[in-house]
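# Results of the structural survey
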Amino acid sequence: MDGIATLISPGFLNQVLVGLSRTVILFIFSSGLSLVLGVLRIPNVFHSSLYMIGAFMTFSIVQMVGGGHPAFWIALIGAPIGVAVLSLAIERGLFQYLYEREHLMLILFTFSMSLVLGDLVKIVWGTEYKSVPIPHAFQGVVSLFGGLPFPKYNVFLLCMGPIVGLLLWFLVTRTKIGKISQAAAVDREMVGAVGINVSWVFGFIFVIGCFLAGLGGALVAPTVSISLGMDTSLTMEGFLIVIMGGLGNIWGPLLGSLIFGLTQSLGLLVWPQFGIIFPYLAVIVVLLVRPTGLLKSSW
């Protein structure tokens, strides 16, 4: 009886909701990483740097607009677009010339870009911590499950996850560019042979993936201190989530993020001193049982 009471206790339910909120950010971030890795076969190490830049751009846009409720929505649109434009410049200016090179060179390039972008953030925004206020409409709490208080902004995050997931699913499975991208992931030479510019297809997918990184940074900005280095742990977490969920499946990052986010949140409840190790233990267990990931590759 005591165990059942613990499972339905407000503290447990609150940790589940907090874990789901964290899951949304992880899903949006890792879905972009999975898209690039699945189609281009490139492990983009500086993906998390773009997430950090998205958060800093959100801060700058809110400051320029002058705060208030409209500023957040402008930043939520403008910051991911700004990250997408930056990624397009990197991809067209440098990255497109390396697609046929060895994977080691690609990894070294993306790692080098993460260092460059880190210095760029330091030059543009400095080293001080920044903060973005929660929009007025999302301040305060709502009552869930018969009186459990939960921040309104976290409810907004829980709504954003399914929206982004469905839009990404529609892009990949129901649009022409999405189907071409899947074909290019399987056999880029054959796609090129029928007259399609594979380089521009790769460029489009790369920009969409980076846009999602910027969107994740914009969404997390009101909930954390925006600082240089906020991307450090996310690099490893993102790759673990993608591998655990299954490469080449659009829903893999969602499943991986759910496991990672919930085990992290509940681990802090069960064993606060070592709660951080629980998601990594979950990754180990999953990969021992399913070395290729939980979901089968769709392309």
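Reference entry: report on the structure contained in this document. Worth saying up front: this structure is predicted, and the values here are computed from it rather than measured. Within each chain, residues carry numbers counting from 1 in the order of the written sequence. Where totals are concerned, whole chains, interfaces and linings use all residues; where local detail is concerned, this predicted model gives features only for residues with pLDDT of at least 70, and gives and counts side-chain atom pairs only at 80 or more. Computation of side-chain values covers all heavy atoms of the structure but excludes hydrogens and water.

## What about the overall build of the protein chain?
- Secondary structure elements follow DSSP: runs of H or I no shorter than four residues count as helices, runs of E no shorter than two count as strands, and numbering proceeds from the N terminus. Broken down by element type, the protein chain carries twelve helices and two strands.
- For the protein chain, the succession of helices and strands along the chain, N to C, is α-α-α-α-α-β-β-α-α-α-α-α-α-α.
- Taking 19 Å as the expected radius of gyration for a compact globule of 299 residues, we find that the protein chain reaches 20 Å, a close match to that expectation.
- Only protein chains enter the accessibility calculation, which uses a 1.4 Å probe. A residue is then buried if its area is under 20% of the maximum for its type, exposed if over 50%, and partly exposed in between. Taking all 299 residues of the protein chain together, the buried fraction comes to 49%.
- The contact rule is simple, with two residues in contact once any of their heavy atoms fall within 4.5 Å. A fraction of 76% describes how many contacts in the protein chain between residues 6 or more apart in sequence connect residues 24 or more apart.
- Counting only carbon and sulfur atoms, one obtains 72% of the accessible surface of the protein chain, whose full area is about 14100 Å².
- Charge-centre separation for the protein chain: the mean point of 13 positive side chains lies 9 Å from the mean point of 10 negative side chains. C-alpha atoms define the radius of gyration in this analysis, and the globule rule sets the expected value at 2.2 Å times the number of residues to the power 0.38. In this description, accessible areas are obtained by the Shrake-Rupley approach with a 1.4 Å probe, and a residue is regarded as covered only by the protein chains that are shown. This count recognises Lys and Arg as positive and Asp and Glu as negative, with His and chain-terminal groups excluded. Note on charges: their place is set at NZ of Lys, CZ of Arg, CG of Asp or CD of Glu.

## Here's the deal with helix H2 (residues 10-40)
- The length a helix should cover is 1.5 Å for every residue beyond the first. Look at H2: 44 Å from first C-alpha to last across 31 residues, which is about the 45 Å you get at 1.5 Å a residue.
- Where burial is concerned, most of H2 is hidden: 22 out of the 31 residues are buried.
- Just downstream of H2, Arg 41 is the residue with a positive phi angle, here 60 degrees.

## Brief notes about the pattern of salt bridges
- Salt bridge, as used here: a side-chain nitrogen of Lys or Arg that lies within 4 Å of a carboxyl oxygen of Asp or Glu. This model, assessed by the stated rule, comprises two salt bridges.
- With a closest N to O distance of 2.5 Å, Arg 92 and Glu 91 form a salt bridge. Like Glu 91, Arg 92 is buried.

## Here's the deal with the pairing of strand E1 (residues 141-144)
- Here four bridges tie E1 to strand E2 (residues 148-151), and the two strands are oriented antiparallel to one another. In the strand pairing of E2, Val 141 is matched with Pro 151.
- Once E1 ends, the chain turns through three residues before running back antiparallel as E2, passing Phe 145 with a positive phi of about 55 degrees. Pairing between two strands requires that DSSP report at least two bridges joining them.

## Observations regarding unusual backbone geometry
- Even without being a glycine, Arg 41 presents a positive backbone phi close to 60 degrees.
- Structurally, the position occupied by Arg 41 is in the loop between H2 and helix H3 (47-65).

## Quick look at the packing of aromatic side chains
- Think of it this way: a Phe, Tyr or Trp ring, Trp meaning its six-membered ring, pairs with another when their centres are within 6.5 Å, and the plane angle makes it stacked under 30 degrees, edge-to-face over 60, tilted otherwise. In the structure shown here, the tally under the stated rule is 18 aromatic pairs.
- Taking the centre distance of 5.6 Å and the plane angle of 75 degrees together, the rings of Phe 29 and Tyr 51 count as edge-to-face. Highlighted residues: Phe 29 in helix H2 and Tyr 51 in helix H3, separated in sequence by 22 residues.
- Given the relative accessible area of 1%, Phe 29 is considered buried.
- Feature note: the residues Phe 46, Phe 95, Tyr 99, Phe 109, Phe 202 and Phe 206 constitute an aromatic cluster, connected by ring pairs.
- Each ring is checked for a lysine NZ or an arginine CZ that lies within 6 Å of its centre and within 35 degrees of its normal; such an atom marks a charge sitting over the ring. Seen from the ring of Trp 200, Arg 92 lies directly overhead, with NZ or CZ sitting 4.1 Å from the centre.

## Regarding the packing of helix H10 (residues 232-245) against helix H11 (residues 252-270)
- Throughout, an axis means a line fitted to C-alpha atoms (over the contacting stretch in the case of helices), and angles, computed between N-to-C directions, take values from 0 to 180 degrees. For the pair H10 and H11, the least separation of the axes is 7 Å and the interaxial angle reads 120 degrees. With respect to their mutual orientation, H10 and H11 come out oblique. The two elements H10 and H11 cross, and the hand of that crossing is right-handed. Every residue of H11 that contacts H10 at Glu 237, Leu 240, Ile 241, Met 244 and Gly 245 is listed here: Gly 252, Pro 253, Gly 256, Ser 257, Ile 259, Phe 260 and Gln 264.
- When residue character is reported, Ala, Val, Leu, Ile, Met, Phe, Trp, Tyr, Cys and Pro are called nonpolar, Asp, Glu, Lys and Arg charged, and the others, Gly included, polar. Per-class residue counts for the contact of H10 with H11 are six nonpolar, five polar and one charged. An angle below 35 degrees is read as roughly parallel, one above 145 as roughly antiparallel, one from 65 to 115 as roughly perpendicular, and any other as oblique. In this scheme the handedness of a crossing depends on how the near helix is turned from the far one: anticlockwise by less than a right angle means left-handed, clockwise means right-handed.

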